[in-house]
Amino acid sequence: MTNPATTEATISFRAVRLGFEEGDIVQGLSFDVYPRETLVLLGETGTGKTLSLKMAAGLMRPQQGEVNVLGRKVSEMPEKALLAFRREIGFVFQEGALFDSMTVEENVAYRLREEHVAEEEIEPKVREALRFVELEHAIDLVPSELSGGMRRRVSIARALITRPPIVLYDSPTAGLDPVTSQTIITLILRLRDTYGVTALLATHRLQDGFALANFYFDAESNRVLPNDKKTTAKTEADSNTRFIVLRDGRVFFEGSTEELAAAKDSYLKRFLV
Amino acid sequence: MADSPPLQGIGKEPPPSEVVRESSISEILIGSAKESVLRVQEYSYLALQSVTNLFSRPFYGQDLLDQMDSIGVGSIPIVLLTGFFIGAVMVLQTASQFVRFGQTSLTGDAVSLALVRELGPTLTSLLVTGRCASGIASELGSMLVTEQVDAMRAMGTDPSRKLVTPRVLATVLVVPLLTVMSDFIGLVGGCVAAVLSLRLGVVQFWTRAIDALELSDILQGGLKSIVFAFILASVGCYKGLTVRGGTQGVGRSTTQAVVISSVMIIVADTFLTKLALYLAEKLF
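Chemist: Could you give an account of the environment of L272 of chain B, naming the residues involved and the relevant values?
Modeler: All names here are of chain B. Its location among the elements puts L272 in helix 8 (residues 246–283). For the pair L272 and L223, spaced 49 residues apart in sequence, the C-alpha separation works out to 8.2 Å. Discounting residues that sit within four places of it in the chain, L272 has contacts with L223, K224, V227 and F228.

Below, the structure is given as C-alpha cells:
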C-alpha cells in the first residue's frame, strides 16, 4: 500500500473553492491521490465532481486554494504552460467528447499528430490502443456511427495513447446499460493493473467504485478476477482504491471500501442502496 | 402599503421593500453594464489573439485550407447568384432616373461605382455572414457543449490556434476574392439589364463602367471586404466559444452571431466609407 506519510501525492487539492453566479460549487475541498492509486469521487449531481477533475487538469482555475499535480502548481500555471503540461494527463470525458468531424483513427492519433510523431509510428500505436479497448475494427468509422459505449472506449484509447501517468475519468459509465458499463470498468481495471496509472474517477454509481476495489485484471489469464485475500493482487488492488464522497462541494466522507460499506449515515446510505 | 395614509412616508426612510427594489434595479444596471464591458473585453482579446497567433507556431495549415474551401468555395454560388441580380436591379433603378435626363449612358458609371465601392463588399459580407458566421458559431458552440473544446485543451491544443485563427484568416483571405467575383458578375448582370431594357451597347456599358473606376475605389472596396470578413469571422468564433445553456444556447448564439456581425458590418461601413473618402482626397 502507498504510504501517504512517506510518498508525495500525485494530485493534491488544498482548500479549493470555485463558484459561479449561483454560488459556490466547490468550497474548501482538500484531498490527495497517491501514485498508482485510484480515488473514486462519489457524489450526487452538482456536488463538484466534474469541476474537481477539470481543476486537476487545469481546465478550470480555482478561485481560492491550491491544486498540485505531479509536483506542479496547476492552479497558478499560465495557460501556455498548462497546454504542454496536460500532455501528462489523460482525460476521459463523460460523453467521450470525440471530435465528430474526425474518424476514430484521427481521434485516437490526435495527440501524436500534435506532437509531430512520424506517420509510420502513429498507425501501430493507434492500432495497439484500439486493440486494448477491443475496437480495432472501428478504426475508419466516425463517432456518429458508434454506440455510446464504443465512444467511451475510443475516448479511453485516445486518453492512453501517450501512456500518461495520470488518467481522469468523468462519469465513464453514466447513461450506459449495465453490460456496457461493466465493459468500461473492465477497461479501467486493465489500464490500472497493466500500466499502473494514477486515477481520479468521478461517478455517482457506487458499483463502479466497488468493482474497482474488489476486482483486478489478471494479465496471465487475460481476465478480470475477484480479489482473493490470499494473493498479493488483492492487497494491491484494494488498498490502492479509496473513496471520497462529496456533499455541497466538500469532502463528506473519505475512506476505504469497508469503511464506506459499513457507513450508517443516511446520505452515504443513499449510494449503498 | 395600500392601507397607509397618503403622504405618510414623506421625510422618512422608504419602506424596506422599496429600498430592496431600488438597490436591486441599480445592481441589475451595474451588473449588466459590467457584463457588457466584460463581453467586449473577451471579444477584443479573442480577436487580437486570432491575429497574434499568426506570428508563432504551431500553425494549422490544413485547417486553413479546409476553412477556405468551406467558407470560400461553398459561398461562390450564392455570391454569384445574388451579385448578378443586384447588378441588374441597380441598372433598372438608376436607369429610371437617368432616362428622365436622357443620360442612360451614365448607367455603367453608377452601377460600377456603387458595386465596387459599396454593394459588392457589403452585400457579399452580409451573405457570407448569413451563411458562415452562423455556421462557425453553431459548429464551435456544438463543440463547446459536447466538451470537444475542453478535450482539445486537455490534449494540449490551444483552441484559439486550432479553431479561431484558421477560420478568421480563411475568411479574411476569401471574402475579398468573393467580393471581386460579386463585383464582376454584378456588372455582367447590369450589362444584361442595360442591353435588354435600355438598348445600350455592351462595349459602351463596359467602357463607361471601367473608366469610371479609380484605384481608390478598388482599394476602398478591398479594405471594406477585409474588415467585414474579420468582423464576421471573429464574432462567429466568439459567439460559438461563449455558448451558455446547452443546445438551446447554440441556437441563440448562432442567431446572435448573425445579428451582431451584420450590425457591426453596417456600422463599420459608415466609418470606413468616411475614412476611405478622406484618404482618397488626401492621397489620390
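Chemist: Describe the nonpolar core, with residues and values.
Modeler: Counting 73 residues, the largest nonpolar core has I11, F13, F31, L168 and L200 of chain A as the members making the most contacts within it. Considering each element in turn, this core owes the most residues, 9 residues, to helix 7 (residues 215–241) of chain B. Discounting residues that sit within four places of it in the chain, F13 of chain A has contacts with L29, S30, F31, S52, M55, A56, E66 and V67 of chain A. Within the second largest apolar cluster, 49 residues are counted, among which are V92, L176, L201 and F243 of chain A.

Chemist: Which residues make up the side chain of E114 of chain A, and what values go with them?
Modeler: The residue E114 of chain A is located in helix 3 (residues 104–114) in this model. Buried E114 of chain A, no salt bridge; nearest opposite-charge side chain is R87 of chain A, N-O distance 4.6 Å. Dropping the residues within four chain positions of it, E114 of chain A is found in contact with R87 of chain A together with Y60 and T157 of chain B.

Chemist: Would you mind going over the interface of chain B and chain A in detail, with residue names and values included?
Modeler: In this complex, chain B contributes 14 residues to the contact, which on the side of chain A involves 20 residues. Here chain B meets chain A over a buried area of about 1,700 Å², counting both sides, of which 51% is carbon and sulfur. Run the count over chain B and chain A and you get 3 salt bridges. Residue D150 of chain B is joined to K54 of chain A by a salt bridge in which the shortest nitrogen-to-oxygen separation is 2.9 Å. With 6 residues, helix 4 (residues 148–154) of chain B is the single largest residue contributor to the side of chain B that touches chain A. Class assignment for the residues of the side of chain B that touches chain A results in 5 nonpolar, 4 polar and 5 charged.

Chemist: Before we move on, can you summarise the sheet that holds strand 12 (residues 250–255) of chain A with the specific residues and values?
Modeler: Residues and elements named next belong to chain A. Spatially, 6-7-8-3-11-12 is the arrangement adopted by the 6 strands of the open sheet, whose pairing is mixed. With one partner strand each, in any of the chains shown, strand 6 (89–92) and strand 12 form the two edges of the open sheet. Pairs of neighbouring strands in the sheet enclose a mean axial angle of 15°, with direction left out of account. Bridging between strand 3 (residues 38–43) and strand 8 (residues 198–203) involves 5 bridges; their strand directions are parallel.

Chemist: I'd like to hear about the pattern of salt bridges, residue by residue, with values.
Modeler: Tallied over the entire structure, the rule returns 28 salt bridges over all chains. E95 of chain A is the partner of R152 of chain A in a salt bridge, and the nearest nitrogen-oxygen pair spans 3.6 Å. Here the residue R152 of chain A occupies a position in helix 5 (residues 148–160), and E95 of chain A occupies one in the loop between strand 6 and helix 3, the gap between them amounting to 57 residues. Note on R152 of chain A: relative accessible area 4%, which makes it buried. Connected through shared salt-bridge partners, K54, E79 and R86 of chain A together with E147, D150 and R153 of chain B make up one network.

What counts, and at which threshold
Residues numbered from 1 in each chain as written. Chains lettered and ligands numbered in written order. Predicted model: local features only at pLDDT ≥ 70, side-chain atom pairs only at ≥ 80, totals over all residues. Heavy atoms only, no water. Helix = DSSP H or I, 4+ residues; strand = E, 2+ residues; numbered from the N terminus. Contact = heavy atoms within 4.5 Å. Core = buried A, V, L, I, M, F, W, Y, C linked by side-chain atoms within 4.5 Å. Buried < 20%, exposed > 50% of the residue type's maximum accessible area, 1.4 Å probe, protein only. Lys, Arg positive; Asp, Glu negative; His and termini not counted. Salt bridge = Lys/Arg side-chain N within 4 Å of Asp/Glu carboxyl O. Buried area = accessible area lost by both parts, 1.4 Å probe. Nonpolar A, V, L, I, M, F, W, Y, C, P; charged D, E, K, R; others polar. Pairing = 2+ DSSP bridges. Axes fitted to C-alpha atoms, helices over the stretch in contact; angles between N-to-C directions.

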